[in-house]
Structures are given as structure tokens and as C-alpha cells.
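Chain by chain, the residues:
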Amino acid sequence: AESWRREPLDRRIAVAQQFAEITTRRRDELAERISLETGKPGWEAESEAALVPAKVKLSIEAHQRRCGGEDVTLPQGLGHTDYRPIGVMAVLGPFKFPAHLPNGHIVPALIAGNAVLFKPSEKTPASGEMLVRCFHEAGIPEDVVQLVIGGPDEGKALVAHPGIDGVLFTGSAQAGIAINRRLATNPAKI
């Protein structure tokens, strides 16, 4: 994962764009998985699958706007703000939007140079597996994006693990509150 952090930003962006191309080509397959796992009608699953590659462009633009580094004037003199990768991010995916919502965490984390451990909902593992396979096919190393299959216990273990530098979650309020309580005493973990 350290090698990904050292990859130049333009290379990380190019790989993210390749992921967008792959998920555009495989949109029907992804939509079918989403529909089968969630019970969504085909049109809704197709809409979600179309959002996956669209997120790449938005993430690139947001990264360029927010993370270019800037000079700042402080009372003590001039300073410079620079942004660096955080490390290893745990992404916990929801059932209702098993591709779009975790993708919205994974793509920006990868562009920024972070590694990702992605645990999809235990109800939608095939959608999660396909996303991870598409990331690998795009050129993201297998040690940079890894799939974790399991239920609440595996999610809790990821949140608590000392090797995780941040937790990205979209899902139920109950799970969000539990994650917040678990991390409240560890402000260094995002």
C-alpha cells in the first residue's frame, strides 16, 4: 500500500479514469448484481450502476479543487498547506446502495493515495466483489484495495483495528452512532 501512496497523482487519476471506463462497459452486469442482491427493479439498479463511473469525474474535480496545496498568511508569517494520504481506510458499505455509496468513499480515498479495506454489506457481497475486481482490472494493486466479507462482527473488528487510519461509512444511524462511540476516544482515526 505504501507504493500506491508514492504513485504520482496523475497516475492515480489515470487509474481511476480506467476504472470509470471499465464500470461503464460493465454497467449492465453491475446493475444485474445490484438488482439480484437488493431486490431493486432493473431501472433503479441501472441508475445506481451508472453513478459508479460518474463519481470518478466528480472525485477528480473535488480533489483538484481542495488538495492543490496553498500558501497562507498567518500572524507568525507565511505558511503552506499541503495534503497527504492518511493511510488505510476501512469502507463499510450499505445494503440499499451497495455500489454507489461505497464507491463514493473508495474513489476519493484512492485518488488521495490511501489504501482501502472494503467490507460490503453482508447482504450484497457480490456487488462489492465486482467493484473490487473492477478496481484491480483498472490497475489498482490488490494490496491497495482489498475486499473483506462478513457481517457486523467483521465491521466492528475493522473499526477497532489499530492498523486502520480512518473509517468511512454510510448506513444506518444505529451503526453510525456505534462507530462514533467506538472512535470518540481516538481522535487521530478519521
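Provided above is the structure to which this section pertains.
For clarity, every value in this text was computed on a predicted model and none was experimentally measured.

### Observations concerning helix 7 (residues 152-160)
- Of all the positions in helix 7, only G155, L158 and V159 are classed as buried. Angularly, the buried residues of helix 7 cover 100° about the axis, an arc narrow enough to put them on a single face. Seen from the open side of helix 7, the exposed residues pointing more than 90 degrees away from its buried face are D153 and K156.
- The secondary structure elements touched by the buried residues of helix 7 are strand 3 (88-92), strand 4 (115-119), strand 6 (166-169) and helix 8 (173-183).

### Side note on the environment of L168
- With respect to the helices and strands, the residue L168 is situated in strand 6.
- Residue L168 is classed as buried on the basis of its relative accessible area, which comes to 18%.
- Remark: the alpha-carbon pair of L168 and A90, spanning 78 residues in sequence, is separated by 6.1 Å.

### Here's the deal with the environment of L78
- Inspection of the secondary structure assignment puts L78 in strand 2 (residues 77-81).
- According to the relative accessible area criterion, L78 is exposed, its value standing at 76%.
- Apart from the residues lying within four places of it in its own chain, the contact partners of L78 are V72 and T73.

### What to know about the packing of helix 2 (residues 9-25) against helix 4 (residues 42-66)
- Contact geometry for helix 2 and helix 4: axes closest at 7 Å, N-to-C directions at 160°. Classified by the angle between their axes, helix 2 and helix 4 sit roughly antiparallel to one another. Every pair of crossing elements has a handedness; the one defined by helix 2 and helix 4 is left-handed. Where helix 2 abuts helix 4, its residues L9, I13, A16, Q17, F19, A20, T23 and T24 lie against V52, P53, V56, I60, H63 and Q64.
- Here the residues of the contact of helix 2 with helix 4 sort into 9 nonpolar, 5 polar and no charged.

### So, the packing of aromatic side chains
- Taken as a whole, this structure holds 1 aromatic pair when the rule is applied.
- Summarising the aromatic geometry, the rings of F19 and F135 are spaced 3.9 Å apart at their centres and angled 5° between planes, so their arrangement reads as stacked. Taken as a pair, F19 in helix 2 and F135 in helix 6 (residues 125-138) lie far apart in primary sequence, 116 residues in all.
- For F135, a relative accessible area of 2% corresponds to the buried category.
- Positioned over the ring face of F97 is K40, at 3.8 Å from the centre of the ring.
- The ring of F95 is capped by K123, whose NZ or CZ atom sits 5.5 Å from the centre of that ring.

Here is what the cut-offs are and how they apply
Residues numbered from 1 in each chain as written. Predicted model: local features only at pLDDT ≥ 70, side-chain atom pairs only at ≥ 80, totals over all residues. Heavy atoms only, no water. Buried < 20%, exposed > 50% of the residue type's maximum accessible area, 1.4 Å probe, protein only. Helix = DSSP H or I, 4+ residues; strand = E, 2+ residues; numbered from the N terminus. Arc of directions from axis to C-beta. Contact = heavy atoms within 4.5 Å. Axes fitted to C-alpha atoms, helices over the stretch in contact; angles between N-to-C directions. Parallel < 35°, antiparallel > 145°, perpendicular 65-115°, else oblique. Left-handed = near helix turned anticlockwise from the far one by under 90°. Nonpolar A, V, L, I, M, F, W, Y, C, P; charged D, E, K, R; others polar. Phe/Tyr/Trp six-rings, centres within 6.5 Å; stacked < 30°, edge-to-face > 60°. Lys NZ or Arg CZ within 6 Å of the ring centre and 35° of its normal.

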